[in-house]
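# An overview of the molecular structure
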Amino acid sequence: QVQLVESGGGLVQPGESLRLSCTASRSIFSADVMGWYRQAPGKEREFVAAIIRGATTKYADSVEARFTMSRDNAKNTVWLRMNSLNAEDTAVYYCYAKYYGVHECWGQGTQVTVSS
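### Focus on the sheet that holds strand 7 (residues 67-72)
In space, the four strands of this open sheet follow the order 1-3-8-7, with antiparallel pairing throughout. On the outer flanks of this sheet lie strand 1 (4-7) and strand 7, each paired with one strand and no other. In this sheet, neighbouring strand axes are inclined to one another by 15° on average, regardless of whether the strands run parallel or antiparallel. With four bridges joining them, strand 1 and strand 3 (residues 18-24) adopt antiparallel strand pairing. By the bridge assignment, leucine 4 is partnered in strand 3 with alanine 24.

### Overview of the pattern of salt bridges
Across all of its chains, the model carries four salt bridges by this definition. We note a salt bridge from arginine 38 to glutamate 46, for which the minimum N-O separation is 2.7 Å. Take arginine 38: its relative accessible area is 5%, and that puts it in the buried class. Across the salt bridge formed by lysine 98 and glutamate 104, the nearest N and O atoms sit 3.9 Å from each other.

### Observations regarding the packing of aromatic side chains
Counting across every chain of the model gives five aromatic pairs. Where tyrosine 37 meets tyrosine 96, the ring centres are 5.5 Å apart and the plane angle is 65°; that geometry is what we call edge-to-face. Here tyrosine 37 is found in strand 4 (residues 31-39), whereas its partner tyrosine 96 is found in strand 9 (residues 91-99), with 59 residues between them in sequence. Since its relative accessible area comes to 22%, tyrosine 37 is described here as partly exposed. What makes tyrosine 96 buried here is its relative accessible area of 6%. One aromatic cluster is present, built from ring pairs that chain together Tyr37, Phe47, Tyr96 and Trp106. Taking NZ or CZ as reference, arginine 45 lies 4.6 Å from the ring centre of tryptophan 106, over its face.

### Structural notes on the environment of threonine 110
By the element assignment, threonine 110 lies in strand 11 (residues 110-114). Owing to a relative accessible area of 10%, threonine 110 belongs among the buried residues under this scheme. Taking the C-alpha atoms as reference, threonine 110 lies 6.6 Å from tyrosine 94; in sequence the two are 16 residues apart. In contact with threonine 110, other than residues within four places in its own chain, are Glu6, Ser7, Gly8, Gly9, Leu20, Ala91, Val92 and Tyr93. Within the local environment of threonine 110, its side chain forms a polar contact with the backbone nitrogen of glycine 9, the two atoms lying 3.2 Å apart.

Basis of the calculations
Residues numbered from 1 in each chain as written. Predicted model: local features only at pLDDT ≥ 70, side-chain atom pairs only at ≥ 80, totals over all residues. Heavy atoms only, no water. Pairing = 2+ DSSP bridges. Helix = DSSP H or I, 4+ residues; strand = E, 2+ residues; numbered from the N terminus. Axes fitted to C-alpha atoms, helices over the stretch in contact; angles between N-to-C directions. Salt bridge = Lys/Arg side-chain N within 4 Å of Asp/Glu carboxyl O. Buried < 20%, exposed > 50% of the residue type's maximum accessible area, 1.4 Å probe, protein only. Phe/Tyr/Trp six-rings, centres within 6.5 Å; stacked < 30°, edge-to-face > 60°. Lys NZ or Arg CZ within 6 Å of the ring centre and 35° of its normal. Contact = heavy atoms within 4.5 Å. Polar contact = N/O pair within 3.5 Å; in protein donor to acceptor, adjacent residues only side chain to side chain.

Have a look at this one:
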């Protein structure tokens, strides 16, 4: 079982930035997908960003111009840089990984709150 540990959430004002990190207990080099999802109060969990097979990065339309996902295989870590945050970005952000096409893992989540 792969453990994913997120950090970096917090309370920020609209327009500010945050960087989330997710560190895996095993190599992410072999992961099919490393990604980020989020769940706002009263809403379903939604896709935010993902790096597929270490090469292709995908973003949700709502964040593509503002968020950047990156990875460091040597540190088994992925990051989500979030700029120009607004209230609609308030959510619990979850790190996600898929290995060997079937093994899916989730982190415990980190809260991001955007409020003035």
